[in-house]
Amino acid sequence: MVFQRVHSSVGYGTAKKEDTTATPIEAPPSARRRVLRSCLFLFGLASLSYLAGAAVIFFDLPSSSFLRRAFVGGVAWYEQNQSPDPSPEQQPPITVGQIDKPDKTWDGFTLSLCSGGTRAVLINMRGEVVHEWLAPVKTVWPDPPRLRVPIKETEVYFNDAHLYPNGDLLALAEGPVNARSESNGYGLVKLDKDSQVLWKYTAGCHHALDVGEDGTIYALSYKFIKDLPPGLGYLPSPCIVDCVDVISPDGNLVKRLPLLEALKASPYAPLFSTLEKPQLFSDLTPPDSPMPAAQDEMRRRDVLHTNAVKVLSRDLAPKFPLFKPGHLLISPRHLDAVLVLDPDSGKVVWAARGPWHAQHDPSFLDNGHLLIFDNLGSARGSRVLEYDPQTQSFPWSYPNENGTPFFSRLRGMAQRLPNGNTLIVNSDGGEMFEVTSGCEVVWSCSFGRVSLNCARRFPAAQLSFLKGEPRARP
């Protein structure tokens, strides 16, 4: 629709007065058709360009590297313009939900790590903070490794941590993955109970860590490779692959265990088959993603996306006749598999794929089973599975027909408590809840709009640094 200024005459011999009223004039049909044809042409051209670019990336044609950078840059721009996580002082208060049944809970203090800053809090069963640790990025990493430009404090967060009885905290820091940073790994920092830095390890550690009985630290790290092992030529190159860094108690690297080579040299190498036929539109890409092809391209080049490492203790080893003390339980999310690594030989000694999909946080249970947080394996959302590696059965799961559905696409955790209850972390929902073996929710706690990356519960007897006689339920 166009507008025309209309003039009118007020009698003979009088001055003409301009009418400033805008009167709509309909565009002729031929003009509308031309505009419509132009729009359709531009839409078709854009669609063909998009499909051509996607095909170039999909088939790794010569110009694919340029398009990859453009796609990834576009995703980075989009991500940078989204609403950031609130800073610690802006975060909503921690609130215990309406469900709290003290006669059925296993009371303790819960270490909680959220997005929006490098902060860890220890809360009681009322949701009250009884202790906290702070590690500002500008203090711990004034010159962040591998970053092209400085990063905001609120973009870095603790994703995993180990709490020592004296109040020392070993925490793993992560940041965003975008055009400024090719991986989310920052490193480790060990703090005393007063948040003073004892040491830091900046080798690009990411996702998870664990501490053995002798104090040895096992942390996931990454490296970029261009030359892939023989037989894996179908993987994109260059790509990110994961390692397990074996670190001394005082923060020095002892050795690095490359997971790609360990799995390739094992009888479980056929697990790589899931990566042979990459999909442009993966179910791991969120349905509202602005650039699904770019998201999938980033996913493919993070070959394993390992997200968990757990050490088998001497006490639990007799429950697992297939494994030995010190073996490491590993979770490569992009293979939809869990595996066990012998850190002495550097070889994968066991692996399994099941009904779980994009899983997190597998752990050893004292009954010889594994507990697995299954992010995408259920049509109802996420779930927690108890898996028997010997019989390949699933003695317990949540939610079953009696549980309340929940969904956490990117993260999630589950901890089996001493009384048989299970603490479940719905990371994307910013909440955790405790359920009984009968799938009854007996306690819940919300952290509001932030992502709850990690939560683990401890009895008061394990936390000697707390003053007085700490009570989990005052």
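Just above, that's the structure.
Residues numbered from 1 in each chain as written. Predicted model: local features only at pLDDT ≥ 70, side-chain atom pairs only at ≥ 80, totals over all residues. Heavy atoms only, no water.

J.: Quick one: what's the story with the overall build of the protein chain, residue by residue and with numbers?
T.: Along the protein chain, the regular secondary structure elements total five helices and 27 strands. Across the 474 residues in the protein chain, those meeting the buried criterion constitute 52%. Put simply, the protein chain shows about 22,600 Å² of open surface, and 55% of that area lies on carbon and sulfur atoms. (Helix = DSSP H or I, 4+ residues; strand = E, 2+ residues; numbered from the N terminus. Buried < 20%, exposed > 50% of the residue type's maximum accessible area, 1.4 Å probe, protein only. Areas by Shrake-Rupley, 256 points an atom, 1.4 Å probe, with all protein chains shown as cover.)

J.: Could you give an account of the layout of surface pockets, with specific residues and numbers?
T.: Its volume calculated, the second largest pocket comes out at about 1,200 Å³. Residue lining of the second largest pocket: 35 residues in total, with Leu-316, Phe-364, Gln-415, Arg-416 and Arg-456 positioned closest to the centre. Secondary-structure elements contributing two or more residues to the lining of the second largest pocket are strand 7 (157-163), strand 11 (209-211), strand 15 (306-311), strand 19 (360-364), strand 23 (413-416) and strand 27 (452-458). Partitioning the lining of the second largest pocket into residue classes produces 19 nonpolar, seven polar and nine charged. (1 Å grid on protein atoms, 1.4 Å probe; cavity = no way out; pocket = protein on both sides within 12 Å on 5 of 7 lines; lining within 4 Å. Points joined across faces, edges and corners; volume = space filled by probe spheres on them. Nonpolar A, V, L, I, M, F, W, Y, C, P; charged D, E, K, R; others polar.)

J.: Mind laying out the pattern of salt bridges, listing which residues take part and the relevant values?
T.: Using the criterion set out here, one finds twelve salt bridges in the structure. Across the salt bridge formed by Asp-245 and Arg-256, the nearest N and O atoms sit 2.7 Å from each other. Separated by eleven residues along the polypeptide, Asp-245 in strand 13 (residues 239-247) and Arg-256 in strand 14 (residues 253-258) bring together distant segments of the chain. Assessed through its relative accessible area of 0%, Asp-245 is described here as buried. Of the charged contacts in the structure, one is a salt bridge between Glu-386 and Arg-416, with a shortest N-O distance of 3.2 Å. Of the two residues, Glu-386 sits in strand 21 (residues 381-388) while Arg-416 sits in strand 23, which places them 30 residues apart along the sequence. (Salt bridge = Lys/Arg side-chain N within 4 Å of Asp/Glu carboxyl O.)

J.: For the nonpolar core, give the residues involved together with the corresponding values.
T.: Of all hydrophobic cores here, the largest spans 44 residues; its most connected members are Leu-111, Leu-122, Trp-133, Leu-163, Met-432 and Phe-447. When residues no more than four places from it in sequence are discounted, the contact partners of Leu-111 are Ala-120, Val-121, Leu-122, Trp-133, Ala-161, Leu-163, Leu-169, Cys-454, Ala-455, Arg-456 and Phe-458. Counting residues in each nonpolar core, the second largest holds 31 residues, with Leu-220, Leu-228, Leu-257 and Leu-275 among its members. (Core = buried A, V, L, I, M, F, W, Y, C linked by side-chain atoms within 4.5 Å. Contact = heavy atoms within 4.5 Å.)

J.: Just give me the short version of the packing of aromatic side chains, but keep the residues and values in it.
T.: What the rule picks out here adds up to 14 aromatic pairs. Ring geometry for Tyr-387 against Phe-394: centres 5.3 Å apart, planes inclined by 35°, an arrangement best described as tilted. Each ring, one from Tyr-398 and one from Phe-406, has its centre 6.4 Å from the other, and the planes form 20°; the classification is stacked. Judged by relative accessible area, which is 1%, Tyr-398 ranks as buried. For Phe-406, a relative accessible area of 6% translates into the label buried. Directly above the aromatic system of Tyr-164 lies the positively charged group of Lys-190, at a separation of 4.4 Å from the ring centroid. (Phe/Tyr/Trp six-rings, centres within 6.5 Å; stacked < 30°, edge-to-face > 60°. Lys NZ or Arg CZ within 6 Å of the ring centre and 35° of its normal.)

J.: Explain the sheet that holds strand 7 to me, and be specific about the residues and the numbers.
T.: Taken in spatial order, the four strands make up an open sheet running 7-8-9-10, and their pairing is antiparallel. Looking at strand neighbours, the two that pair on one side only are strand 7 and strand 10 (197-201), the edges of this open sheet. The mean angle between the axes of side-by-side strands here comes to 20°, regardless of whether they run parallel or antiparallel. Here four bridges tie strand 9 (residues 185-191) to strand 10, and the two strands are oriented antiparallel to one another. Pairing of Leu-188 across the sheet is with Tyr-201, part of strand 10. (Pairing = 2+ DSSP bridges. Axes fitted to C-alpha atoms, helices over the stretch in contact; angles between N-to-C directions.)

J.: How would you summarise empty space enclosed by the protein if you had to cite specific residues and measurements?
T.: As enumerated under the stated definition, the model contains five cavities of 30 Å³ or more in all. Mapped by element, the contributors of at least two residues to the lining of the largest cavity are strand 7, strand 15, strand 19 and strand 27. Residues belonging to the lining of the largest cavity are distributed by class as follows: four nonpolar, six polar and five charged.

J.: Describe unusual backbone geometry, with residues and values.
T.: Backbone torsion omega between Ser-237 and Pro-238 reads 0°, so that peptide bond is classified as cis. Within the fold, Pro-238 resides in the loop between strand 12 (217-225) and strand 13. Here the amide bond leading from Tyr-398 into Pro-399 is cis, since omega sits at -5°, within 30 degrees of zero. Mapped onto the elements of the fold, Pro-399 is located in the loop between strand 22 (393-398) and strand 23. Positive phi is not limited to glycine here, since Ala-358 has a value of about 60°. With respect to the secondary-structure elements, Ala-358 resides in the loop between strand 18 (347-353) and strand 19.

J.: Describe the environment of Arg-416, listing the residues and the values that go with them.
T.: For Arg-416, a relative accessible area of 23% corresponds to the partly exposed category. Along the primary structure Arg-416 and Arg-456 are separated by 40 residues, whereas in three dimensions their C-alpha atoms are 9.9 Å apart. Among the polar contacts made by the side chain of Arg-416, one reaches the side chain of Thr-422 at a distance of 2.9 Å. (Polar contact = N/O pair within 3.5 Å; in protein donor to acceptor, adjacent residues only side chain to side chain.)

J.: Account for the environment of Asp-245, with residues named and values stated.
T.: In the structure, Asp-245 is positioned 42 residues away from Ala-203 in sequence and 8.9 Å away in space, judged by C-alpha atoms. Each residue touching Asp-245, except ones within four places of it in the same chain, is listed here: Tyr-201, Ala-203, Cys-205, Ile-217, Tyr-218, Ala-219, Ser-221, Leu-253, Lys-255 and Arg-256. Side-chain polar atoms of Asp-245 contact the side chain of Ser-221, separated by 2.8 Å.

J.: Any details on the pairing of strand 20 (residues 370-378)? Residues and values, ideally.
T.: Burial analysis of strand 20 places seven of its nine residues in the buried class, which makes it a mostly covered element. Of the strand pairs in this sheet, strand 19 and strand 20 are connected by three bridges, and their pairing is antiparallel. The residue of strand 20 that forms the bridge with Ser-363 is Leu-371. Between strand 19 and strand 20, which pair antiparallel and follow one another directly, the connecting turn spans five residues, one of which, Gly-368, has a positive phi of 85°. With six bridges joining them, strand 20 and strand 21 adopt antiparallel strand pairing. Across the sheet, residue Phe-373 finds its bridge partner in strand 21, namely Val-384. The turn linking strand 20 back onto strand 21 is made up of two residues.

J.: Summarise the sheet that holds strand 14; cite the residues concerned and give the values.
T.: Remark on secondary structure: sheet strands pair via backbone hydrogen bonds, oriented parallel or antiparallel. Pairing is antiparallel in the open sheet, where four strands are placed in the order 11-12-13-14. On the outer flanks of this sheet lie strand 11 and strand 14, each paired with one strand and no other. Neighbour-to-neighbour, the strand axes of the sheet open up by a mean angle of 35°, direction not taken into account. Two elements, strand 13 and strand 14, share five bridges in a ladder whose sense is antiparallel. Counterpart to Val-244 in the pairing with strand 14 is Leu-257.

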